[in-house]
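# Notes for the structure review
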Amino acid sequence: MQDRSKIIFGNEISSGDYKKAVRSKAKYAKKYGDDAGEDYSAKLVKNVCLYEPLGVEDIRVAEGEGERDFDLEKGIIVGNIRMGFGHYRISIAMASAAHALGYTPYWMDLNSYPETTCTKVIGAQNDLYSLGSRISQKSRLFNKLVWEPMNYEGFRKLSYNASDQKNAELMAPVFRNVPKDIPVIGTHVWPAQAALHAGMKYVVNAIPDNWPMALHLAEGSVHTIQTHQSYIGYRVLNGMRGKEVLQPMPADSLVYTGHYIDHELTANIEADCAARLARKEKGEPMRFLLTIGGAGAQRELFAAVIRHLLPAIREKRAALYVNVGDYRNVWDELCREIEGLSALSQEHFDNWADTNAFAEEALIGAVEGVHAFWHPNIFEAVYCTNLLMRSCDVLVTKPSELAFYPVPKLFLKRIGGHERWGAIHSAEIGDGTIECEDIPHTLQMLDMFLDDTALFSQMCECILSNKTIGVYDGAYKAVQIAMGLKKR
């Protein structure tokens, strides 16, 4: 196993930072064990939610499971973790693009193998991240002194990548019996790093967000980037060791692709934008999609948005989709807090067929009132937003992975400083608002969408223009890059 923590793209890590990285790995190994000697199997089973629409099969590492052999010619692995919903959503986009291009997508969630050191290490860090996200929304002091600096500058440091690389060595064993010639797209850096430590030959590291951070580096892979601004920052490893000028990334290690978007959304941009503009012209209820992320934060802000929209919903000037993901308690709390919400709402709970039927009918039919969606299955919880996105008019979201999607967007306050750059990018290419950093400005923007035609129409026009220059083709290109590595 190559030691990737001592030198990163030609930049030597200090002995102190290297020793710290070694101690980090040792700490996790002591707490969760080191299963480097385990001979985990690699079996394929159909994904219960995504197999039918996208042909996705899950890679399992338990004995006794498995329905078929790996397709060594057309198979492609989407390596991911559940940390919030963002990395799952990017993974779904990659699987969708792979399926549309005629390949067989294999889903490998490193956070889904409960008896492995890999999942235990990731699970511990995921729990901390989710807790930090929620606390940051309740405590301004914590957000200012801890959460924003960590997400903005802490993860940016090259020394942070050194520690991550060491920790990722503990994640490699789950790849032991995965065929090494199958390309891997990691939609979080840990699957990409683990794949490289395990000897996978063709690895693409699909970098999210729009703020260059050493956290996302996996030397040995091809890094893909969604924006030109971020491309420049990563090439020179900008600010990753203070003001020091670092050795840059080689040109063949970094590729601009555009946004990681599902085939189903990209292919229907023209039809969906035309439907949005037609609804606006006819004075039909404007459809807002409010999506709650996997960390479960920002409930107070969601309540303010819903409360503000209720009069317009009663007057049939607005309609609302609310996807609470797999957080049923969030919906229950909102209903207790907001008078009249339950009476206006139709619940689509834990019924995937009903959700799919609603999403299909909404593309051509009328929609009124409030429609709430909750699914305990994580794939359904995430993919629900993707299905609803086509028929909504405005997506109301924090500027995370959804900042890159081809739908008019109203950006709520960020969770973590790195997210601000998603809103900046979206506003610059014209398909989203600036970040609304408090409730009054959020409500002002809601009213602008309801009462003003120019803003909304301009966003639709920009989405159409962006498509013509390939802005939303990133998932296709990432898949093509990964499959193309086999031909080098």
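Below is a short write-up of the structure. Residue positions within a chain follow its written sequence, with the count starting from 1. Since the coordinates come from a predicted model, pLDDT governs what is reported: local features require at least 70, and pairs of side-chain atoms require 80 or more to be given and counted, while whole-chain, interface and lining totals use all residues. Note that water and hydrogens are dropped before the side-chain values are worked out from all heavy atoms of the structure.

Segments assigned H or I by DSSP are reported as helices when at least four residues long, segments assigned E as strands when at least two residues long, and all are numbered from the N terminus. A count of helices and strands for the chain gives 19 helices and 18 strands. C-alpha atoms define the radius of gyration in this analysis, and the globule rule sets the expected value at 2.2 Å times the number of residues to the power 0.38. Whereas a compact globule of 488 residues would reach a radius of gyration of roughly 23 Å, the chain reaches 22 Å, a difference of no more than 12%. Across its three principal axes, the chain shows a C-alpha extent of roughly 65 × 50 × 45 Å. Three exposure classes are used, based on accessible area relative to the maximum for each residue type with a 1.4 Å probe and protein chains only: buried under 20%, partly exposed in between, and exposed over 50%. By residue count, 60% of the 488 residues in the chain fall in the buried class. Of the contacts formed within the chain by residues at least 6 apart in sequence, a portion of 72% connects residues at least 24 apart. For the chain, the accessible surface area stands at approximately 19000 Å², while carbon and sulfur atoms represent 51% of it. Computing the positive centroid from 53 side-chain charges and the negative centroid from 61, the chain places the two 6 Å apart. By definition in these notes, contact holds between two residues if any of their heavy atoms fall within 4.5 Å. Accessibility throughout is a Shrake-Rupley quantity obtained with a 1.4 Å probe, and a residue counts as covered only by protein chains that appear here. Only four residue types enter the charge count, namely Lys and Arg as positive and Asp and Glu as negative; His and the chain termini do not. Lys charges are placed at NZ, Arg charges at CZ, Asp charges at CG and Glu charges at CD.

What follows covers the nonpolar core. Burial of nonpolar side chains together is a common tendency in soluble globular proteins. Judged by nonpolar contacts, the single largest core of 101 residues is most densely connected at Phe288 and Trp331. Discounting chain neighbours no more than four positions away, the residues touching Phe288 are Leu309, Ala318, Ala319, Leu320, Tyr321, Val394, Val396, Leu446, Phe449 and Leu450. What is meant by a nonpolar core is a set of buried Ala, Val, Leu, Ile, Met, Phe, Trp, Tyr and Cys residues, joined one to another through side-chain atoms within 4.5 Å. In terms of nonpolar packing, the next biggest core, distinct from the first, is built from 36 residues, Leu110, Ala168, Leu196 and Ala198 among them.

What follows deals with a nonpolar patch on the surface. Only residues whose relative accessible area exceeds 30% and that form no salt bridge are eligible for patches; like-charged ones are grouped when within 9 Å, while nonpolar side chains (Val, Leu, Ile, Met, Phe, Trp, Tyr) are grouped when within 5 Å. Here a salt bridge means any side-chain nitrogen of Lys or Arg lying within 4 Å of a carboxyl oxygen belonging to Asp or Glu. A cluster of nonpolar side chains, contributed by Leu141, Leu145 and Val146, occupies part of the molecular surface with about 300 Å² of accessible area. Relative to the helices and strands, Leu145 resides in helix 5 (residues 140-154). Among the residues examined, Leu145 registers a relative accessible area of 57% and is labelled exposed.

Our working definition of a disulfide is a cysteine sulfur pair at a distance within 2.5 Å. Enumeration according to the criterion identifies zero disulfides in this entry. For Cys462, which is in no disulfide, the shortest distance to another cysteine sulfur is to Cys460 and amounts to 9.5 Å.

Turning to its location among the elements, Arg390 is positioned in the loop between helix 15 (378-389) and strand 16 (394-397). Along the primary structure Arg390 and Asn268 are separated by 122 residues, whereas in three dimensions their C-alpha atoms are 8.0 Å apart. When neighbours within four sequence positions are excluded, Arg390 is seen to be in contact with Glu264, Leu265, Asn268, Asp272, Arg276 and Leu363.

According to the stated counting rule, one finds 20 salt bridges in the structure shown. We note a salt bridge from Lys201 to Asp181, for which the minimum N-O separation is 3.0 Å. Of the two residues, Lys201 is situated in the loop between helix 7 (189-197) and strand 8 (203-206) and Asp181 in the loop between helix 6 (158-168) and strand 7 (184-186); the sequence distance between them amounts to 20 residues. Lys467 is paired through a salt bridge with Glu270; the nearest N and O atoms lie 3.0 Å apart. Here the residue Lys467 occupies a position in helix 18 (residues 454-468), and Glu270 occupies one in helix 10 (residues 269-282), the gap between them amounting to 197 residues. The network of salt bridges with common partners includes Asp3, Lys25, Lys166 and Glu169.

What follows is about the packing of aromatic side chains. To pair, rings of Phe, Tyr and Trp, with the six-membered ring standing in for Trp, must have centres within 6.5 Å; the planes then decide the type, stacked if under 30 degrees apart, edge-to-face if over 60, and tilted in the middle. Within the structure shown, the criterion is met by twelve aromatic pairs. Residues Tyr88 and Trp107 carry aromatic rings whose centres are separated by 5.1 Å and whose planes lie at 90 degrees to one another, so their mutual orientation is edge-to-face. One end of the pair, Tyr88, is in helix 3 (residues 86-100); the other, Trp107, is in strand 6 (residues 104-109), with 19 residues separating them in the sequence. Tyr88 sits in the buried class, given a relative accessible area of 4%. The class for Trp107 is buried, based on a relative accessible area of 2%. Aromatic side chains Tyr88 and Phe379 sit 5.4 Å apart centroid to centroid with 25 degrees between the ring planes, which places their arrangement in the stacked category. With Tyr88 in helix 3 and Phe379 in helix 15, this residue pair connects regions lying 291 residues apart in the sequence. An aromatic cluster is built from Tyr88, Trp107 and Phe379, whose rings are joined through pairwise contacts. Geometrically, a charge over a ring is one whose NZ (Lys) or CZ (Arg) sits within 6 Å of the ring centre while staying within 35 degrees of the ring normal. Taking NZ or CZ as reference, Arg328 lies 5.4 Å from the ring centre of Trp374, over its face.

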